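Fold and geometry: a report
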Amino acid sequence: MPQRIGYLTGVFDLFHVGHLDVLEQARQQCDRLVVGVLTDDWALEAWGARPFVPVVERAQILEQLRCVDEVVVVNGVEADWLTGVLGVGTVFAADGTDGVLAADELDEVPADLISELPSRRASRSQILRAAIDQRQSRSSVA
């Protein structure tokens, strides 16, 4: 029986328990989980800001997780590459988890390959980014 390969892509900046929750949910639904880490340039174009943590370090963090089998650095999502090269059968989307792509951001992926994960924890990335921005603005005034 062939392995069920799942794929989840995101920025994974300021890694937190919400990210871990989504990764663990995805891994429970497949035999092998490949995680795509979006580049700093992708984040800059999409968010208008670079991630706090560089892409190499974000990938290293994910590589250490038991629920992640493989990490690839990507600059977007290409359905042909996922299915043809990686052999992915399910692309996970996580609505409401900041930094992990939602179904409506996976334009190139056929809908029958997308499996939406429920958001069980509130996004922490936006809260963390706001706290860092606030702290930086206070220190620059002082």
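Below is a summary of the structure that appears in this document.

Calculation rules
Residues numbered from 1 in each chain as written. Predicted model: local features only at pLDDT ≥ 70, side-chain atom pairs only at ≥ 80, totals over all residues. Heavy atoms only, no water. Helix = DSSP H or I, 4+ residues; strand = E, 2+ residues; numbered from the N terminus. Buried < 20%, exposed > 50% of the residue type's maximum accessible area, 1.4 Å probe, protein only. Contact = heavy atoms within 4.5 Å. Areas by Shrake-Rupley, 256 points an atom, 1.4 Å probe, with all protein chains shown as cover. Pairing = 2+ DSSP bridges. Axes fitted to C-alpha atoms, helices over the stretch in contact; angles between N-to-C directions.

Here we come to the overall build of the protein chain. Along the backbone of the protein chain there are 5 helices and 5 strands. Traced from its N-terminal end to its C-terminal end, the protein chain shows the element sequence β-α-β-α-α-β-α-β-β-α. Within the span of the protein chain, comprising 142 residues, buried residues form 44% of the whole. Across the protein chain, every contact between residues at least 6 apart in sequence was considered, and the portion connecting residues at least 24 apart equals 73%. Here the protein chain displays about 7900 Å² of accessible surface, and carbon together with sulfur accounts for 48% of that area.

This brings us to unusual backbone geometry. At Phe12, a residue that is not glycine, the phi angle is positive and equals roughly 60°. In this fold, Phe12 is placed in the loop between strand 1 (5–10) and helix 1 (17–28). For Phe12, a relative accessible area of 2% puts it in the buried group. A positive phi angle, close to 50°, is found at Leu14, a residue other than glycine. Within the fold, Leu14 resides in the loop between strand 1 and helix 1.

Further remarks concern the sheet that holds strand 4 (residues 90–94). Reading across from one edge, 3-2-1-4-5 is the order of the 5 strands in this open sheet, with parallel pairing throughout. Across the chains shown, the open sheet's two edge strands, defined by having one partner strand only, are strand 3 (70–74) and strand 5 (114–117). Each adjacent strand pair in this sheet contributes to an overall mean axis angle of 30°, direction not counted. Here strand 1 pairs with strand 4 via 3 bridges, running parallel. The residue of strand 4 that forms the bridge with Gly6 is Thr90. Helix 3 (residues 55–63) rests against strand 2 (32–38) and strand 3 of the sheet, and its axis sits at about 165° to strand 2.

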